[in-house]
Amino acid sequence: CSDAQDKQFGTWRLKITPVDYLLGVADLTGELMRMCINSVGNGDIDTPFEVSQFLRHVYDGFSFIGNTGPYEVSKKLYTLKQSLAKVENACYALKVRGSEIPKHMLADVFSVKTEMIDQEEGIS
């Protein structure tokens, strides 16, 4: 695409570094974790399982970088792991206890579990 074509179609370009891109993807995973927990509160029990699979793939990809990448990326890996654990715990609870917990109470159950994970990790 030429610059003239870009202006004609109203497109624009943004150049970012690979590290900034990876940090953005890592931030996205935190938002997906929140979306997952909120969806359970809204009675949507399919989204957590879809998000869990996606986060697992992203985590696996970040694991390849691990400690060999920039410090910021390896630091985000820890947060990504926590988000994945929260989503997987939500999926586990849905799978094992989902039928015995009324849908309107699921969000409360997950918020308590999330707080427990945060306390175990020393985040709160």
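What you see is a predicted model, and the numbers here were worked out from it, not measured in a lab.

Novice: Looking at this structure, I do not really get the UniProt feature "binding site: Mg(2+)" (unreviewed entry) in the protein chain. What am I missing?
Specialist: According to UniProt, the feature "binding site: Mg(2+)" (unreviewed entry) maps to Glu-31 in the numbering used here. Position of Glu-31 among the secondary structure elements: in helix α2 (residues 18-41).

Novice: Can you walk me through the packing of aromatic side chains in this structure?
Specialist: A complete count under the given rule lists zero aromatic pairs for this structure. When the ring centre of Phe-49 is taken as origin, the NZ or CZ atom of Lys-95, which lies over that ring, is 5.8 Å away.

Novice: Looking at this structure, I do not really get the pattern of salt bridges. What am I missing?
Specialist: A side chain of one charge can pair with a side chain of the opposite charge if their charged atoms are brought near each other. Counted under the stated rule, the structure contains four salt bridges. The partner of Arg-34 in a salt bridge is Glu-31, with the nearest N and O atoms 3.2 Å apart. Within this pair, Arg-34 and its partner Glu-31 are both found in helix α2, separated by three residues, close to a single helical turn. The partner of Arg-56 in a salt bridge is Asp-60, and the shortest N-O contact between them spans 3.7 Å. Of this pair, Arg-56 and Asp-60 both sit in helix α3 (residues 47-65), four residues apart, which is roughly one turn of the helix.

Novice: Would you mind going over the nonpolar core with me for this structure?
Specialist: Inside soluble globular proteins, nonpolar side chains tend to come together where they are buried. In this structure, Val-51, Leu-55, Phe-62, Leu-80 and Val-87 are the most contacted members of the largest nonpolar core, which totals 19 residues. For this core, the secondary structure elements donating two or more residues are α2, α3 and α4 (71-97). Not counting residues up to four positions away in its chain, the partners in contact with Leu-80 are Thr-29, Val-58, Tyr-59 and Phe-62.

Novice: Even after reading the chapter, I still don't get the packing of α2 against α3, so can you show me in this structure?
Specialist: Packed helices, taken two at a time, are described by the angle their axes make and the gap between the axes. It is at 10 Å that the axes of α2 and α3 come closest, and there the two elements cross at 160°. Of the possible angle classes, the one that applies to α2 and α3 is roughly antiparallel. Note that α2 runs across α3; the crossing there is left-handed. Along the contact surface, α2 presents Leu-22, Val-25, Ala-26, Thr-29, Leu-32, Met-35, Cys-36, Ser-39 and Val-40, while α3 presents Thr-47, Pro-48, Val-51, Phe-54, Leu-55, Val-58, Phe-62 and Ile-65. Here the residues of the contact of α2 with α3 sort into 14 nonpolar, three polar and no charged.

Novice: Quick question: what am I supposed to make of the side chain of Ser-83 here?
Specialist: With respect to the secondary-structure elements, Ser-83 resides in helix α4. Once residues lying within four places of it in the same chain are set aside, the contact partners of Ser-83 are Thr-29, Gly-30, Met-33 and Leu-55.

Analysis parameters
Residues numbered from 1 in each chain as written. Predicted model: local features only at pLDDT ≥ 70, side-chain atom pairs only at ≥ 80, totals over all residues. Heavy atoms only, no water. UniProt positions renumbered as here; feature names shortened; annotations may be inferred. Helix = DSSP H or I, 4+ residues; strand = E, 2+ residues; numbered from the N terminus. Phe/Tyr/Trp six-rings, centres within 6.5 Å; stacked < 30°, edge-to-face > 60°. Lys NZ or Arg CZ within 6 Å of the ring centre and 35° of its normal. Salt bridge = Lys/Arg side-chain N within 4 Å of Asp/Glu carboxyl O. Core = buried A, V, L, I, M, F, W, Y, C linked by side-chain atoms within 4.5 Å. Buried < 20%, exposed > 50% of the residue type's maximum accessible area, 1.4 Å probe, protein only. Contact = heavy atoms within 4.5 Å. Axes fitted to C-alpha atoms, helices over the stretch in contact; angles between N-to-C directions. Parallel < 35°, antiparallel > 145°, perpendicular 65-115°, else oblique. Left-handed = near helix turned anticlockwise from the far one by under 90°. Nonpolar A, V, L, I, M, F, W, Y, C, P; charged D, E, K, R; others polar.

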